[in-house]
Amino acid sequence: MGKKLILNFPPSLVDKPIISSLVRKFNLDFNILKAYVTPEKEGNLVLELNGNEDQVMKAIENLLNIGVNVELLSKEVEMERDRCTDCTACIPQCPVGALWLDRETYEVNFDSEKCIACGICLKVCPTKAMVLRI
């Protein structure tokens, strides 16, 4: 079982090895999808936790108990292919490579499994081919 999460760390926790401790303690695998620290020293992390459902839920509870703000990534970005003009404006903006150009067909392709629903492609798409489903 896997859950995609958005984690926001207060400045007091940014320099702590929270995720590495978490995956050892609850026997989980993780995949960091996006991470950054703001100028105010707050940490933001989008990751996928995989493992036994009970252990994943205990890990989320543990994060909440130590002061990490946890949000489930419940938004999903989709491509409406009939609206796309293959202009490629979205490709360089995608931080995780979920959008790419097929060099044979010259069509923009979208991999929803890689997508972290950051919304950047929604803002740059001139034809509004990228849409957010909640």
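Everything here concerns the structure above.
Conventions we followed
- Residues numbered from 1 in each chain as written.
- Predicted model: local features only at pLDDT ≥ 70, side-chain atom pairs only at ≥ 80, totals over all residues.
- Heavy atoms only, no water.
- Buried < 20%, exposed > 50% of the residue type's maximum accessible area, 1.4 Å probe, protein only.
- Helix = DSSP H or I, 4+ residues; strand = E, 2+ residues; numbered from the N terminus.
- Arc of directions from axis to C-beta.
- Contact = heavy atoms within 4.5 Å.
- Salt bridge = Lys/Arg side-chain N within 4 Å of Asp/Glu carboxyl O.
- Expected span 1.5 Å × (residues − 1).
- Polar contact = N/O pair within 3.5 Å; in protein donor to acceptor, adjacent residues only side chain to side chain.

A. Here's a closer look at helix 1 (residues 18–25). Three or more residues of helix 1 are buried, namely I18, I19, L22 and V23. What you see down the axis of helix 1 is that its buried residues fit within an arc of 125°, all on one side. Residues of helix 1 that are exposed and point over 90 degrees away from its buried face: R24 and K25. The inward-facing, buried residues of helix 1 contact strand 1 (2–9), strand 2 (29–37), strand 3 (43–50) and helix 2 (53–65).

B. Representation of the pattern of salt bridges within the structure. Scanning the entire structure with this criterion turns up 5 salt bridges. Here E78 makes a salt bridge to R133, at a shortest N to O gap of 2.9 Å. In this pair, E78 is assigned in strand 5 (residues 76–79) and R133 in strand 8 (residues 130–133), connecting sequence segments 55 residues apart. You can call R133 partly exposed: its relative accessible area is 36%. When salt bridges with common partners are traced through the structure, they connect E78, E80, R83 and R133 into a single cluster.

C. View of helix 2. The end-to-end C-alpha separation of helix 2 is 18 Å, in line with the 18 Å expected for 13 residues at 1.5 Å each. All buried positions along helix 2 are accounted for by V56, A59, I60 and L63. All buried residues of helix 2 lie within an arc of 100° about the axis, which places them on one face of the element. More than 90 degrees from the buried face of helix 2, the exposed residues found are D54 and N65. At its buried positions, helix 2 is contacted by strand 1, helix 1, strand 3 and strand 4 (69–72). The N-terminus of helix 2 is capped by N52, whose side-chain oxygen sits 2.8 Å from the backbone nitrogen of D54. Where helix 2 terminates, the next one or two residues include G67, which has phi positive at roughly 105°.

Worth remembering: the numbers are spatial, not functional.
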